[in-house]
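Chain by chain, the residues run as shown.
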Amino acid sequence: MVKILVSDPLSEEGIKILKEVKDFQVDIKTDLKPDELKAIIKEYHALIVRSATKVTRDIINAASQLKVIGRAGVGLDNVDLEASTNKGIIVMNTPAGNTISTAEHTMSMILALSRNIPAADFSLKAGEWKRSKFMGVELYGKTLGVVGLGRIGTEVSKRALSFGMKVIAYDPFLSKEVANHLGIEVVELAELFTQSDYISVHTPLTDETRHLISDKEFVMMKDGVRIVNCARGGIINEVALLKALDSGKVAGAALDVFEKEPPDSQSPLLKHKNVVLTPHLGASTEEAQVNVAIEVCQSVRDALLDKGIRNAANFPCLAVEVCQLLQPYINLAEKLGLLAGQLFEGRVSELKINYTGEIIKHDISPLTMAIVKGLLSPILQETVNYINAKNLAKERGIKILELKSEKEEDFTNLISVEVAIEGKHRKVAGTLFTNNEPRIVNVDGLYVEAIPQGYMLFLENWDKPGVIGGLGTLMGKNGINIAGMTFGRDKPGGKAVSALNIDSAVSSHALDEIKKLDNILSVKLVKL
Ligand code: NAD
Ligand code: MLT
């Protein structure tokens, strides 16, 4: 008997899919305390959650038979992905099931904000009749600035256009043609801030998007701008938002998500008269919950019956055995994609992957999926998985070329990842050393030998005396330990690349200091 535990409320339409399979036993046990879940998880082969259950490393360690974790939703914030992957547990989510509901919620928030609906409702229920107090504004003819034109951002834009709004968008990873085709004008971020009457954010929360809207950005905006966040708390700096609301710069804000959830009940944002709030309800519709329940249950069922893996955040192969065999290559491939995605900034139009040596005896398609997933992960986070990665790249106008060559260069196997960005070609390459140890061996044509792991700094510099000394001193001053270093150069005194493994992240202030050192051309912090 295959045992499946559903530990958060899930629509019956999904549960039915699992119950139809004769060999499946489905147990629905919600509101379990962590210790209770830990005590019973060893009995189960699959676990399905929404957001309440926290699937921590501790739970995963106790899950001796678990093969699959299914999350009915997008975010994997409540599942320890690394611990799951280390244990060979497949983690699946449902990237598209709640897109429409979240887009509609965003429109509801924009409208509620414009017509003071929550405050007017409250006032009338309190026995008042104050028509002049709740004067609103029209959406017609106003400009909506959409930051992040992915699934939800696009659906919001379409709806806003139908209201007669002008829609401008900023998404550095999407081709202009795709947006223009929808009637959306693509602009730079600064332009979006200065031109918009409404700004709605629809990006994931990443190192790049954390506090994307803060004091400096509010200053650039029109007086009386209205701000909406139905994506992730933290994209907008809440302290800066409060200041901008208090000063009147921002006429109103509508928030479905918060830096801390639930937010502190004493938070001034919660009491602000010009703020409309909902408790993370973007996906809370009957339809979205049916969609995500069906999607997650179908994926979990198929994985348990060996009928293929869909929407997996951590497995690129249809069969688990193939994945196990290719795992070291998959790991290397994904790290190369991740490195290229973080190291090379700008709109990628082409991805050329060159597989050389013994590796081509294997099926390389999971490796290409892993490279593309890695490349898009810094941008898309959980909404990209191994299975949808190539499609998402295509939708973004990225052409993928796969080349294989038997010719062994200096390595028995080599994966080289080259991206075309605004006419320039940038490259990273990696290999597996003995014992399947991954190494980055080439950055933009210069030989290096770096372990792709954790936080790393990549610098372009002139090969001049004193560069390393200056860098070491600065890192020491900022309390950052250097665990490993490698350098490559085209010729003595020429252009060089330095790759450093470091034990912790580097602040943006320290990065600015590094950039100012003599002979440093550029510096980039990446996390692999
Ligand atoms: P998506 O992956 O389809 O789209 C995200 C878009 O953001 C992509 O087009 C990407 O290129 C863009 N992007 C990434 N970094 C950017 C940056 N620095 N600047 C501008 N654009 C950037 O994701 P989606 O399905 O549209 O979801 C968007 C967000 O909404 C996610 O954070 C998701 O977790 C959240 N979400 C919230 C709820 C809710 O209940 N409130 C429900 C579903 C999704
Ligand atoms: C998601 O991650 O899918 C959304 O934030 C909604 C949810 O958590 O249900």
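Please read all numbers here as calculations on a predicted model, not as lab measurements.

Peer 1: Help me out: how do you make sense of the site of ligand 1 in this one?
Peer 2: Inspection of the region around ligand 1 gives 27 residues, with Arg-151, Ile-152, Asp-171, Thr-383 and Arg-396 positioned closest. One of the backbone N or O atoms of Gly-150 is found 3.3 Å from an oxygen atom in ligand 1. In this structure, a nitrogen atom belonging to ligand 1 sits 2.9 Å away from a side-chain N or O atom of Asp-256. Calculation on ligand 1 without its partners gives an accessible area of 860 Å², and the protein chains cover 96% of this total.

Peer 1: Quick question: what am I supposed to make of the domain arrangement of the protein here?
Peer 2: Quoted interface sizes are often the accessible area lost when the parts come together. Under the domain assignment, the protein is made up of domain 1 (1-95 + 284-314), domain 2 (99-277), domain 3 (316-437) and domain 4 (445-528). Computed from C-alpha coordinates alone, the two centres of domain 3 and domain 4 are separated by 24 Å. Between domain 3 and domain 4, the residue contacts involve nine residues of the former and 10 residues of the latter. Together, Lys-335, Gln-342 and Leu-343 form the three largest contributors to the area buried by domain 3 at its contact with domain 4, with a combined 48%. Inspection of the region where domain 3 meets domain 4 yields one salt bridge. Lys-524 serves as the salt-bridge partner of Glu-345, at 2.3 Å between the closest nitrogen and oxygen. The interface formed by domain 3 and domain 4 holds three residue pairs in polar contact (both at pLDDT 80 or more) in total. Considering every element that reaches the side of domain 3 that touches domain 4, the biggest residue donor is helix α14 (residues 320-343), with five residues. When the residues that make up the side of domain 3 that touches domain 4 are grouped by side-chain class, the tally is five nonpolar, one polar and three charged.

Peer 1: How do you make sense of the sheet that holds strand β15 (residues 413-421) when you look at a structure like this?
Peer 2: Within a sheet, each strand pairs with its neighbour through backbone hydrogen bonds, oriented either parallel or antiparallel. Sheet architecture is open: six strands sit in the order β14-β13-β15-β16-β17-β18, paired in mixed fashion. Each end of this open sheet is capped by a strand with a single partner; those strands are β14 (399-405) and β18 (446-450). Pairs of neighbouring strands in the sheet enclose a mean axial angle of 20°, with direction left out of account. Where strand β13 (residues 348-357) lies against β15, nine bridges are found, and the strand directions are antiparallel. Across the sheet, Glu-350 pairs through a bridge with Ala-420, a residue of β15.

Rules and cut-offs
Residues numbered from 1 in each chain as written. Chains lettered and ligands numbered in written order. Predicted model: local features only at pLDDT ≥ 70, side-chain atom pairs only at ≥ 80, totals over all residues. Heavy atoms only, no water. Near = heavy atom within 4 Å. Polar contact = N/O pair within 3.5 Å; in protein donor to acceptor, adjacent residues only side chain to side chain. Areas by Shrake-Rupley, 256 points an atom, 1.4 Å probe, with all protein chains shown as cover. Domains from an automatic or database assignment. Contact = heavy atoms within 4.5 Å. Buried area = accessible area lost by both parts, 1.4 Å probe. Salt bridge = Lys/Arg side-chain N within 4 Å of Asp/Glu carboxyl O. Helix = DSSP H or I, 4+ residues; strand = E, 2+ residues; numbered from the N terminus. Nonpolar A, V, L, I, M, F, W, Y, C, P; charged D, E, K, R; others polar. Pairing = 2+ DSSP bridges. Axes fitted to C-alpha atoms, helices over the stretch in contact; angles between N-to-C directions.

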